[in-house]
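# Observations on the model geometry
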Amino acid sequence: MTVHRVAFLVFDGVKMLDVSGPAEVFAEANTFGAHYSLCYASPSGWPVRTSIGTRLPVDVAVAEFEDVDTLVIPGGDRLVTEPIEPDLTEAVQQLNRRPRRLVSICTGSFILAAAGVLAGHRATTHWRHARLFARAYPDITVEPDSLFIEDRGVFTSAGVSAGIDLALSLVEGDHGADLARDVARSLVMFMQRPGGQSQFSAPLKVRVPHTSTLRAVTDLISAQPALKHSTDSLADIAGVSPRHLTRLFTAEFGTSPAKFVELVRLDHAKALLNAGHSVTETARAAGFGSTETLRRVFVARLGVPPGHYRARFATTHPDPQ
């Protein structure tokens, strides 16, 4: 079987799990008959210091790369707070001519974008930085809830552990579902993780509206999501017509009053489920009225029913047998 060369471009501050997670998937695949050869390179050829403080040796400098099949660009916290060094973008531009597959993990997408590789592409990144990514690179179609995306041979993944999901998908593409399933079982992971990364996102932060008319309305919704917040009742509180209130919400939040209420209730429901409340209790306390309404909103927004969400995110401890 032909050896498949996978190269990781690393740098000071690189997120360790962005490197080790996908690398473990490829290495585990080798135990089931795959033939991946892993290589690590930095622009200078010198070792790098990772996000957890460990020193990561490298095999070669970027200029010495040869015959790369898959190039992996991991992320790092500083990629969204500091200018991306020219040697990283130059490395991507240089190496992008060689591999048949280009992959970014988490905020590694910022390096690809800065190098011009993602222009006109669909892409994703860590949910926390998706808005910044979209603002900084308007020529990229950002899909913030995707765990990973492939567009014309360029793969981008969401935050950190989603790189493991992407690596498993690449193994499946190379060697088929049976071998990938063996890898997933061995690493105790999903073959296909349910839902999108919105399940892991931070609670909705309702900013203070620029329009003072809306402040009493949004404060009330956030403080008491279980009340019957109709557009008419909210318009009465704001002292405006329902039509004008809808215009104000659209201008301030890009959504209708009803959808805003739904998002606040959804956030409240996620917090209640995380705290261990039952689905029935959560539906009532968050203002959904019925478990069926709660279920419908969860499936539409998060891709999983509330019971499944609660089982996965309420605790790290398995149910007692």
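Residues numbered from 1 in each chain as written. Predicted model: local features only at pLDDT ≥ 70, side-chain atom pairs only at ≥ 80, totals over all residues. Heavy atoms only, no water.

## A few points about the overall build of the protein
Put simply, the test is: In DSSP terms, a helix is any run of H or I states spanning at least four residues, a strand is any run of E spanning at least two, and both are numbered starting from the N terminus. Exposure is judged per residue with a 1.4 Å probe applied to protein chains only, and the accessible area is read against the type maximum: over 50% gives exposed, under 20% gives buried, and values in between give partly exposed. Any two residues whose heavy atoms approach within 4.5 Å at even a single point are treated as in contact. Only the protein chains shown count as cover for residues, with accessible areas throughout obtained via the Shrake-Rupley method and a probe of 1.4 Å. When charges are counted, Lys and Arg are positive and Asp and Glu negative, with His and the chain ends excluded. Where a charge lies is defined by one atom per residue type: Lys uses NZ, Arg uses CZ, Asp uses CG and Glu uses CD.
The secondary structure content of the protein amounts to 13 helices and 11 strands. Its C-alpha atoms put the protein at 70 × 50 × 35 Å along the principal axes. Of all 321 residues assigned to the protein, the portion counted as buried reaches 44%. Once local pairs closer than 6 in sequence are excluded, the contacts in the protein between residues at least 24 apart make up 64%. A total of about 15700 Å² of accessible surface is found on the protein, and carbon and sulfur atoms cover 52% of it. Here the protein carries 32 positive and 33 negative side-chain charges, and the mean point of each set is 8 Å from the other.

## Some points on the pattern of salt bridges
The test is simple: The term salt bridge refers to a pairing of a side-chain nitrogen on Lys or Arg with a carboxyl oxygen on Asp or Glu at a separation within 4 Å.
On inspection of all chains with the given rule, the structure shows nine salt bridges. Across the pair Asp174 and Arg101 runs a salt bridge whose closest N-O atoms are separated by 2.9 Å. Residue Asp174 is found in helix 5 (residues 162–175), and its partner Arg101 is found in strand 7 (residues 101–104); the two are separated by 73 residues along the sequence. Asp174 gets classed as partly exposed once you look at its relative accessible area, which sits at 25%. Among the ionic pairs, Glu262 bridges to Arg301, the shortest N-O distance being 3.1 Å. Here Glu262 is found in helix 10 (residues 257–274), whereas its partner Arg301 is found in helix 12 (residues 291–302), with 39 residues between them in sequence. Residue classification places Arg301 among the partly exposed positions, given a relative accessible area of 31%. Look at the salt bridges and you will find they share partners, linking Arg100, Arg101 and Asp174 into a network.

## Considering the environment of Val10
Within the element layout of this structure, Val10 appears in the loop between strand 1 (4–9) and helix 1 (16–30). Overall, Val10 belongs to the buried group, its relative accessible area being 0%. Sequence spacing of Val10 and His229 is 219 residues, and the spatial spacing of their C-alpha atoms is 51 Å. Every residue in contact with Val10, bar those within four places of it in the chain, is listed here: Val19, Ala41, Ser42, Pro43, Val48, Leu56 and Val58.

## A few points about unusual backbone geometry
Despite not being glycine, Val160 has its phi angle at roughly 45°, a positive value. Tracing the backbone shows Val160 in the loop between strand 11 (154–157) and helix 5.

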